[in-house]
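What the coordinates show
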Amino acid sequence: MSSLKLPQSVPSPAEDAELLHKAFAGWGTDEHLIISILAHRNASQRRLIRHVYAETYGEDLLKSLDKELSSDFESTVLLWTLEPAERDAYLANEATKRFTSSNWVLMEIACTRSSIDLLAIKRVYHSQYKKSLEEDVAYHTSGDFRKLLVPLVSSFRYEGPEVNTMLAKSEAKILHDKISEKAYSDEEVIRILATRSKAQLGATLNQYNDHFGNSINKDLKADSKDDFLKLLRATTKCLTCPEKYFEKLLRQSIRKLGTDESALTRVVTTRTEYDMERIKEEYQRRNTVTLECAIAGDTSGDYEKMLLALIGHGDA
């Protein structure tokens with residue numbers, strides 16, 4: 001479900017491109033105009049605006065934005081303006097680099113996108129970086145992290161709702177046995193998490209909870225300082241209840257001593273057109289304050305205005 005609130009009558013891509021070009025003209029940049037256009041256009045509309053802008057003015061809109069904007073506001077606008085697969089390919093590539101490496105971002109992309117979306121991301125990755133996402137993940141990770149992440153980014157899960165209850169019971173027992181043995185990176189654990197449909201995994205984890213008295217996440221908290229266990233817990237959450245994963249990520253990014261802007265920006269720009277309404281509901285349920293209030297209290301200026309416009313409560 002998208003939280004984008006589109007105006008009743010949306011201007012044509014040509015009109016939007018012209019207004020954006022005017023926003024860059026003169027001595028100062030009209031940030032309000034940029035927010036009022038881009039924050040209220042969906043992915044297909046933004047794609048058309050970029051196409052028309054490039055044809056009319058001979059420059060990629062992203063380059064114009066990059067020259068005119070700065071800081072967290074710039075990062076948010078640029079990420080949002082990218083096509084979803086292009087954005088995720090960029091985020092995944094950054095997550096494999098030495099100084100911006102993040103196993104969490106790789107897991108997040110692999111587990112919360114649909115099979116078709118993940119395939120599109122990998123195609124863009126080929127085109128953009130002249131190598132595969134799988135080879136980069138394999139090269140830049142090691143040990144248990146590599147054992148988990150390479151199969152996750154390689155996956156093409158079935159997306160249907162069908163569930164095999166007997167299979168769920170047997171694989172719940174496999175997971176429980178391996179976790180009891182502390183064999184967290186066992187190939188059977190990885191196989192189940194990396195290949196089963198999300199509906200099947202949900203059934204398996206329900207069987208786990210019903211038969212063994214604990215949720216799998218609770219049993220994976222044996223060592224709170226173990227980074228691989230943290231990633232494994234987050235993997236099960238992303239695959240079965242992503243809104244809970246993103247709520248926690250937002251809560252942690254906002255409540256830190258100093259906001260984690262990169263995480264906040266990533267979640268807002270990647271989830272606004274998918275499940276932001278569910279994330280907002282989960283956030284308010286867990287924190288007794290709305291996500292809008294939390295963002296407004298922790299950010300400022302054009303960055304704040306852009307974020308609030310994207311999640312559906314901005315004035316721009």
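Just so you know, the residues in each chain are numbered from 1, in the order the chain's sequence is written. Note on the predicted model: pLDDT of at least 70 is required for a residue's local features to be given, and 80 or more for side-chain atom pairs to be given and counted; whole-chain, interface and lining totals, by contrast, use all residues. As a rule here, side-chain values cover all heavy atoms of the structure and leave hydrogens and water aside.

Okay, the overall build of the chain next. Going along the chain from the N terminus, every DSSP run of H or I of four or more residues is numbered as a helix, and every run of E of two or more is numbered as a strand. Within the chain, the secondary structure is distributed over 20 helices and zero strands. For the chain, the C-alpha atoms occupy an extent of roughly 65 × 45 × 40 Å along the three principal directions. Accessibility here uses a 1.4 Å probe with only protein chains present; expressed as a share of the type maximum, an area under 20% marks a residue as buried, one over 50% as exposed, and anything in between as partly exposed. Out of the 316 residues in the chain, the part that is buried amounts to 49%. Here, residues are in contact when the closest pair of their heavy atoms is within 4.5 Å. Relative to all contacts within the chain whose residues are 6 or more apart in sequence, the contacts with residues 24 or more apart total 70%. Areas reported as accessible are Shrake-Rupley estimates using a 1.4 Å probe. Residue values count occlusion only from the protein chains shown. When the accessible surface of the chain is summed, it comes to about 15300 Å², and 50% of that surface belongs to carbon and sulfur atoms. Positive charges are assigned to Lys and Arg, negative charges to Asp and Glu, while His and the chain termini are left out of the count. All charge positions are set by atom: Lys at NZ, Arg at CZ, Asp at CG, Glu at CD. If the 44 positive side-chain charges of the chain are averaged to one point and the 49 negative ones to another, these points end up 5 Å apart.

Inspection of the secondary structure assignment puts R87 in helix 6 (residues 84–95). Should a side-chain nitrogen of Lys or Arg be within 4 Å of a carboxyl oxygen of Asp or Glu, the pair is scored as a salt bridge. Although buried, R87 forms no salt bridge, and the nearest oppositely charged side chain, E273, lies 4.5 Å from it. Here W80 takes part through its backbone oxygen, which lies 3.4 Å from a polar atom of the side chain of R87. Setting aside residues up to four positions removed in sequence, R87 forms contacts with R46, L79, W80, L82, T269 and T270. Here a polar contact means two N or O atoms within 3.5 Å. Within protein one must be a hydrogen donor candidate and the other an acceptor candidate, and residues neighboring in sequence count only if both atoms are side-chain atoms.

Not every positive phi belongs to a glycine, and K130 is a case in point at roughly 60 degrees. Within the secondary structure layout, K130 lies in the loop between helix 8 (115–129) and helix 9 (133–140). Positive phi, close to 55 degrees, is recorded for T288, a residue that is not glycine. Within the element layout of this structure, T288 appears in the loop between helix 18 (276–287) and helix 19 (291–298).

As a further point, take the domain arrangement of the chain. All domain edges in this entry derive from an automatic or database-based domain assignment. With domains assigned, the chain is organised as domain 1 (13–69), domain 2 (84–154), domain 3 (165–240) and domain 4 (242–310). The C-alpha-based centres of domain 2 and domain 4 are spaced at 23 Å. Values labelled buried area give the accessible surface lost by two parts on being combined, using a 1.4 Å probe and summing over both. Both sides together, the interface formed by domain 2 and domain 4 hides about 830 Å², and carbon and sulfur atoms give 54% of it. Ranking the residues of domain 2 by area buried against domain 4 places R87, E108 and T112 at the top, with a combined share of 52%. Taken together, the connections running from domain 2 to domain 4 amount to one salt bridge. Across the pair E108 and R266 runs a salt bridge whose closest N-O atoms are separated by 2.8 Å. Our count for the contact surface shared by domain 2 and domain 4 stands at three residue pairs in polar contact (both at pLDDT 80 or more). Residue assignment for the side of domain 2 that touches domain 4 shows that the elements contributing at least two residues are helix 6 and helix 7 (103–112). Per-element accounting of the side of domain 2 that touches domain 4 gives the leading share, five residues, to helix 7.

Working definition of a nonpolar core: buried Ala, Val, Leu, Ile, Met, Phe, Trp, Tyr and Cys residues. They are joined through side-chain atoms within 4.5 Å. In terms of nonpolar packing, the biggest core is built from 85 residues, with I34, L65 and M107 touching the most fellow members. Of all the elements, helix 15 (residues 227–240) adds the most residues to this core, at seven residues. Look past the residues within four positions of I34 in its chain and what remains in contact with it is L20, A23, F24, T29, A39, L65, L69 and V77.

With that settled, consider the environment of D275. Mapping D275 onto the fold places it in the loop between helix 17 (261–271) and helix 18. Here the alpha-carbon distance between D275 and C293, two residues 18 residues apart in the chain, equals 19 Å. A distance of 2.9 Å separates polar atoms of two side chains, one belonging to D275 and the other to R271.

Per the UniProt annotation, the sites labelled "binding site: Ca(2+) 1" (unreviewed entry) are F24, G26, G28, E68, I254, K256, G258, A296, T299 and E304. Those annotated residues from the list above that line the largest pocket are K256. Of note, I254 is situated in helix 16 (residues 242–255). UniProt positions are given in the numbering used here, feature names are shortened, and annotations may be inferred rather than shown by experiment. Computed over the protein atoms alone on a 1 Å grid, cavities are sets of points where a 1.4 Å probe fits but cannot get out and pockets are open sets with protein on both sides within 12 Å along at least five of seven lines; a residue lines them when it has an atom within 4 Å of a point.

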